[in-house]
Amino acid sequence: MTNPANIAEVSAPMPWQAQTWSRLNQQLAQEQLAHALLLTGPRYTGKTTLALALARLLLCAAPVGGLNCGKCHSCELSASGSHGDFRWLEPEGTSKVIKIDQIRQVVEFIGRTASFGLRKVIVIAPAESMNISAANALLKVLEEPGANTYLILVCHRPHGLPATVRSRCQFLRPAGPSRAQSLDWLDRICGTRAESERLLNLAGELPLLAAQLHEDRTGERLQLARLAMQGLFSGESRGAALTAILADEELPRAMGQLADGIQALLRRLDRAALATAQARAAFELLDEMRGIQRAINGGSNPNQQLVLESLLAKVQRVLGDGGLGDNIRTCP
Ligand SMILES: [Zn+2]
């Protein structure tokens, strides 16, 4: 956990995950909870929140109402990030990948007896950031996690994981939020409904991204990127404006924004428009970006500026004639 200081006494799932949560509680009560869970779904919908709530529930000595109690010694330790039976794996430092050494430590951790004699829990988030050797090292553990050990893999791109890993996990795909649920949740963070709506629109209906925009005030910049992208798609502006806006972002983040924009455009097309060569070229661009992301996850370190410029030149070539972009202007 990057910032244990932000962890509340009790970790609850997101409001829209209630159904999934009650099923998990039921499985736990009936001792049928899978020992390797793969939590999937779109980014920024609270998968990590669910993973944390489940991990802390599993570690708690005396759960209350289906949640961790927040009072027992185990809950105190899991809140401070120092619970001996709890491991939270994510890329360390500036690295974008979870490395084999981190998985080896987990394998060793699983071999030990639980300090509290209850359960051991490992969360890997995001699981697709494991490099191939790390994923392979995890396989053995997934085959035989041990009776009191639970692995929770959080992942928004399951296909970024080797099939051998996927096949050993039980998939769990919590429902995403309705717009009303997102807004109710955001109101408590943003203060006003108008601000919640503005940020939710800006974040493409992803509530946790909207909350992040509120917190780090990157909203205005993202809005600029959106406008520049719409200009590019509609043939009204060149790629230079977008290059300037995205240049300060790290490549994966810049590509993420670009991919989100292209996907938003494609989502608005009808079947006939999707069958055109232009739309196919747009899908190929998305594939290319996924390939670059995979290479970065695998440890490659391409020249950021060159990659971004080349991508934007292709976006302009493929989409910049206003053909598909005409569609976007007719949409709200
Ligand atoms: Zn507790």
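Residues numbered from 1 in each chain as written. Predicted model: local features only at pLDDT ≥ 70, side-chain atom pairs only at ≥ 80, totals over all residues. Heavy atoms only, no water.

### Considering the pairing of strand β1 (residues 36-40)
Using the following cut-off: Burial here depends on accessible area, computed with a 1.4 Å probe over protein chains only, as a share of the maximum for the residue type. Under 20% is buried, over 50% is exposed, and the range in between is partly exposed. Helical segments are the DSSP runs of H or I of at least four residues, strand segments are the runs of E of at least two, and each set is numbered from the N terminus. Pairing between two strands is assigned when DSSP locates at least 2 bridges connecting them.
Most of β1 sits out of view: 5 of its 5 residues are buried. Going residue by residue along β1, you find A36, L38 and T40 tucked away on one face and L37 and L39 tucked away on the opposite face as well. Here β1 runs beside strand β4 (residues 149-155); their pairing, made up of 5 bridges, is parallel. By the bridge assignment, L38 is partnered in β4 with L153.

### Quick look at the coordination of the zinc ion
We apply this condition: For Na, K and Ca the donor cut-off is 3.2 Å, while for other metals it is 2.8 Å, and in both cases only N, O and S atoms qualify; water is not among them, so sites may look incomplete. Angular criteria define each label, namely tetrahedral for four donors with all angles between 85 and 135 degrees, square planar for four and octahedral for six donors with opposite donors over 155 degrees apart and remaining angles between 65 and 115, and irregular for whatever fails these tests.
Note on the zinc ion: its protein donors are C60 (SG), C69 (SG), C72 (SG) and C75 (SG). The metal-donor distances range over 2.3 Å. Note that the zinc ion binds 4 donor atoms; their angles at the metal cover 104 to 119°, and the shape is tetrahedral. Taken in chain order, the donor set of the zinc ion reads C-x8-C-x2-C-x2-C. Here C69 and C75 have matching classes, each one buried.

### A few points about the pairing of strand β2 (residues 86-89)
Formally: Viewed with both strands pointing away, a crossover whose connecting path from the first strand over the helix to the second turns clockwise is right-handed.
Relative to strand β3 (residues 120-124), β2 is paired through 4 bridges, and the arrangement is parallel. From the neighbouring strand, R87 faces β3, where its bridge partner is I122. Between β2 and its parallel partner β3, the chain crosses via helix α4 (residues 100-111), and the hand of that crossover is right-handed.

### A word on the sheet that holds β4
As a reminder, the rule being used: Lines fitted to C-alpha atoms define the axes, with helix axes restricted to the stretch in contact, and inter-axis angles between N-to-C directions lie between 0 and 180 degrees. Only heavy atoms enter the contact rule, under which two residues are in contact if any of them lie within 4.5 Å.
The strand order across the open sheet built from 5 strands is β2-β3-β4-β1-β5, with neighbouring strands paired in parallel fashion. The two strands at the open ends of the sheet, each matched to only one other strand, are β2 and β5 (170-172). Recorded for the sheet is a direction-independent mean angle of 20° between the axes of neighbouring strands. Packing of helix α5 (residues 132-143) onto the sheet brings it into contact with β1, β3 and β4, and relative to β4 it is tilted by some 135°.

### Some remarks on the pattern of salt bridges
Note the cut-off: By definition, a salt bridge exists where a carboxyl oxygen of Asp or Glu is found within 4 Å of a side-chain nitrogen of Lys or Arg.
The tally for this structure, following the rule as stated, stands at 11 salt bridges. A salt bridge links R112 to E108, with the nearest nitrogen and oxygen atoms 3.3 Å apart. Owing to a relative accessible area of 40%, R112 belongs among the partly exposed residues under this scheme. Exposure remark for E108: the relative accessible area of 46% places this residue in the partly exposed category. A salt bridge links E205 to R179, with the shortest nitrogen-to-oxygen separation between them at 2.6 Å. Residue E205 is found in the loop between α8 (193-202) and α9 (207-216), and its partner R179 is found in helix α7 (residues 179-190); the two are separated by 26 residues along the sequence.

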